[in-house]
Amino acid sequence: MLLLLQRSPEQESALQQLLSDQQSKSSGRYQNWLSPEQFGAQFGPSDVDVQTVTQWLASLGFNDVVVGAGRTAIEFSGTAGQVRNAFHTQIHKYAVKGEARFANATDPSIPAALAPVVAGIVSLNDFPIQSHLHPMGTFQKSLKTGETWPLFTFACYGGLCFGMGPADFAKIYNSQPLLSGAPKIDGTGQGIAIVGESNIK
């Protein structure tokens, strides 16, 4: 299991400034990367706080307690009974789509005294992480010019699917203002763009 550690608001502010400086060519800290140990010393909890958390885990019987070099997480092992006693949640076995899975039945809780240092538990289940990446087909490249362009027809659901962009929807729904003399559709002025997948007839 992983216990996620958190930094103070002052450390978070300093980290955001460092990240900005590392990307700015005019900064003296441009591309001044930190090792995990340097990162932990600057932006992780103090030695005392880390020791308090590790001792608390050990006192509850957890073993293999290892603090990450960057001090962002503590890895540890234990039983479902130890998890129940420490985090006040039961670990249950569930049947999901014909597979046996283990997960906590309720949200875990962290002692209030550790709240300034511990953000929470990364995971108490064995559900595999699902990728949010959905390939939209393949690309074609001209050997003469080197230009590439997407092929919007691709195999899916046992047949063919067709990827569509804003101009395609404008044509389908006869939205003339979007088509006639409109500037290039590049997202200008839009705060959020959502790409969805559905069975459009």
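Scroll up to find the structure this text is about.
Residues numbered from 1 in each chain as written. Predicted model: local features only at pLDDT ≥ 70, side-chain atom pairs only at ≥ 80, totals over all residues. Heavy atoms only, no water.

(A) The arrangement of the sheet that holds strand β3 (residues 73-77) in detail. Read from one edge to the other, the open sheet built from four strands follows the order β2-β3-β1-β6, with strand pairing classed as antiparallel. Of all the strands in the sheet, the pair left with one neighbour each is β2 (63-67) and β6 (118-121). Looking at each pair of strands side by side, their axes are set apart by 20 degrees on average, direction ignored. Bridge count between strand β1 (residues 2-5) and β6: three bridges; the pairing is antiparallel. (Pairing = 2+ DSSP bridges. Helix = DSSP H or I, 4+ residues; strand = E, 2+ residues; numbered from the N terminus. Axes fitted to C-alpha atoms, helices over the stretch in contact; angles between N-to-C directions.)

(B) The pairing of strand β7 (residues 138-141), seen in detail. Across four bridges, the pairing between β7 and strand β8 (residues 148-151) is antiparallel. Across the sheet, the residue bridging to Thr138 is Leu151, located in β8. Counted along the chain from β7 to the antiparallel partner β8, the turn is six residues long, and its residue Gly146 has a positive phi close to 80 degrees.

(C) Highlighting helix α1 (residues 9-23). Helix length check: α1, at 15 residues, gives a terminal C-alpha distance of 22 Å against a target of 21 Å (1.5 Å per residue), a fit within 8%. All of the buried residues along α1 are Gln11, Leu15, Leu18, Asp21 and Gln22. One face of α1 carries all of its buried residues, which in axial projection span an arc of 125 degrees. Facing away from the buried surface of α1 by more than 90 degrees, the exposed residues are Pro9 and Gln23. Buried residues in α1 make contact with α2 (36-43). (Expected span 1.5 Å × (residues − 1). Buried < 20%, exposed > 50% of the residue type's maximum accessible area, 1.4 Å probe, protein only. Arc of directions from axis to C-beta. Contact = heavy atoms within 4.5 Å.)

None of the figures reported here should be taken as evidence of function without further support.
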